[in-house]
Amino acid sequence: MIKNIFLIICFISLSIPKNNNLQDSLNQFGINLFKVVSNNTHKSAMISPWSVSNSLMMVSQGASNNTYDEILKTLNLDQDQLNNFTNPYNPIDSVLLVSNSIWIQSDNCYNPNSTYIDILQNKFSGKISYVNFHNDRELVIQDINSWVETVTKGTIKKIVSDNDIKKSTTQALLNTIYFKSNWLYPFDQNKTIKSKFYVNFDTIQIDMMNKKNKYAYYNSDTYQLLELPYENNISMYIYLPYSGIEIENFINDFSIEKFNLSINELEYDLGKIFIPKFNLSYSSNLKDHLPKLGMKSAFNPNSAEFDRFWDYKNTCKKYPPKHYIDLINHKSFISMTESGTEASAATIVIINRVTSIRPNEHFTFNANHPFMYIIYDKLNDNILFIGKYKG
């Protein structure tokens, strides 16, 4: 198999003022989460830190006390950073489409907190839909999956299954991200060849794209770094560890500081590059991973505190119910071809209710073994996608 590859995709917007401390905090969260995800699979994997962090920031608006503190600590944020967060992405952008939607139980007894709704609509551009999970559960599941499939252009078809939404569900908070762009320097499809990829002492045959051109490149003591720019302010960064360095160990030693330092070392040089052509679909229940980063109480029906979701002033019950996160599903998709990249991700947080509870010579960059990749927004300093490729 091809060696593991670590990819980072980043997006930056010139029209939006940067808050580097905020971006670094969220990007480090994404790296931390990917480390946990990577350590739990020996196969290729990819997540969208931007999608997950947006989902958690939205759900934090309904949390309080220890639950709120744990969510912010997991995101590496403080209260001021969260308050200063702004969404830099245009919902009708043709290259990068970021969407938020919140599906809320229409309840005659408890009304959603107006401050909570206002923040979701204005700060996160969330689309609010009032539904009846109890009576129309199957229809709501169908509508949610249809919405996700539409905004991800058919790349993610099913974010929730029949068992994910229950009659006790009161909210479903969703974030999706869809990216499609051509390479600034596309590969020649006629030059794509079958080539060997090495992973875990095995060898497999893959389709390998190749090109000779000037690229931003850095050669460190332990890895090679290549920037593949798209036709915009977004680039893919491929980290190719030297033979003998396991991709999981490389990822575990990675940090936002190493990322920032490494991309500052990039210099343009003539190179011959070999990059796998591949498709990947990945899914994960983040409920298995986020507690390892410190977010624990939100999943516990007995200790979760989400009392800012609802307005209990005119409650029709003597003892208001408690709410907790039942699951967080995350799905991602990436297609790397000679012309460019298409990538998407969707995150859904399901809330349930419970009763009280760069010279002349050229460098060679041959990604024929596992690597890490990052798709990065260079204008807004956001890691959009991060993954590893193992063939």
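Conventions adopted
Residues numbered from 1 in each chain as written. Predicted model: local features only at pLDDT ≥ 70, side-chain atom pairs only at ≥ 80, totals over all residues. Heavy atoms only, no water. Axes fitted to C-alpha atoms, helices over the stretch in contact; angles between N-to-C directions. Helix = DSSP H or I, 4+ residues; strand = E, 2+ residues; numbered from the N terminus. Parallel < 35°, antiparallel > 145°, perpendicular 65-115°, else oblique. Left-handed = near helix turned anticlockwise from the far one by under 90°. Contact = heavy atoms within 4.5 Å. Nonpolar A, V, L, I, M, F, W, Y, C, P; charged D, E, K, R; others polar. Salt bridge = Lys/Arg side-chain N within 4 Å of Asp/Glu carboxyl O. Buried < 20%, exposed > 50% of the residue type's maximum accessible area, 1.4 Å probe, protein only. pLDDT = per-residue confidence, 0-100. Pairing = 2+ DSSP bridges. Core = buried A, V, L, I, M, F, W, Y, C linked by side-chain atoms within 4.5 Å.

### Comments concerning the packing of helix 2 (residues 49-60) against helix 3 (residues 65-74)
Phase 1 of the analysis: Where helix 2 contacts helix 3, the axes come no closer than 10 Å and their chain directions differ by 160 degrees. Regarding the angle of helix 2 to helix 3, the classification is roughly antiparallel. Crossing of helix 2 over helix 3 shows left-handed handedness. In this structure, helix 2 contributes L56, V59 and S60 to the contact, and helix 3 contributes Y68, I71 and L72.
Phase 2 of the analysis: When grouped by side-chain class, the residues that make up the contact of helix 2 with helix 3 number five nonpolar, one polar and no charged.

### Describing the pattern of salt bridges
Phase 1 of the analysis: Taken as a whole and assessed by the stated rule, the structure comprises seven salt bridges.
Phase 2 of the analysis: A salt bridge links D326 to K166, with the shortest nitrogen-to-oxygen separation between them at 2.7 Å. Here D326, found in strand 14 (residues 322-336), pairs with K166, found in the loop between helix 6 (137-151) and strand 6 (169-182); they are 160 residues apart in sequence, far enough to count as distant.
Phase 3 of the analysis: Owing to a relative accessible area of 32%, K166 belongs among the partly exposed residues under this scheme.
Phase 4 of the analysis: When salt bridges with common partners are traced through the structure, they connect E248, K388 and K390 into a single cluster.

### Brief notes about the confidence of the model for the chain
Phase 1 of the analysis: Model confidence for the chain is summarised by a mean pLDDT of 89, while 91% of its residues fall at 70 or above.
Phase 2 of the analysis: In this model residues 9-18 is a low-confidence stretch, pLDDT under 50, and it forms 58 contacts with partners more than four residues away in sequence or in other chains.

### Thoughts on the sheet that holds strand 5 (residues 126-131)
Phase 1 of the analysis: Across the sheet, which stays open at both edges, the six strands sit in the order 5-3-6-15-14-12 with mixed pairing between neighbours. In the strand order of this sheet, the two ends are held by strand 5 and strand 12 (278-285), each with one partner. Taking each pair of neighbouring strands and ignoring which way they run, the sheet shows an average axis angle of 10 degrees.
Phase 2 of the analysis: Pairing geometry for strand 3 (residues 96-105) and strand 6, over nine bridges, is antiparallel. Counted as the bridge partner of S101 is L174 from strand 6.

### As for the nonpolar core
Phase 1 of the analysis: Ranked by internal contacts, the top residues of the largest apolar core, which has 107 residues, are Y239 and I275.
Phase 2 of the analysis: Of the residues forming this core, the biggest block, seven residues, is contributed by helix 1 (residues 20-39).
Phase 3 of the analysis: Counting 19 residues, the second-largest nonpolar core is a separate cluster that includes I144, V148, L174 and I348.

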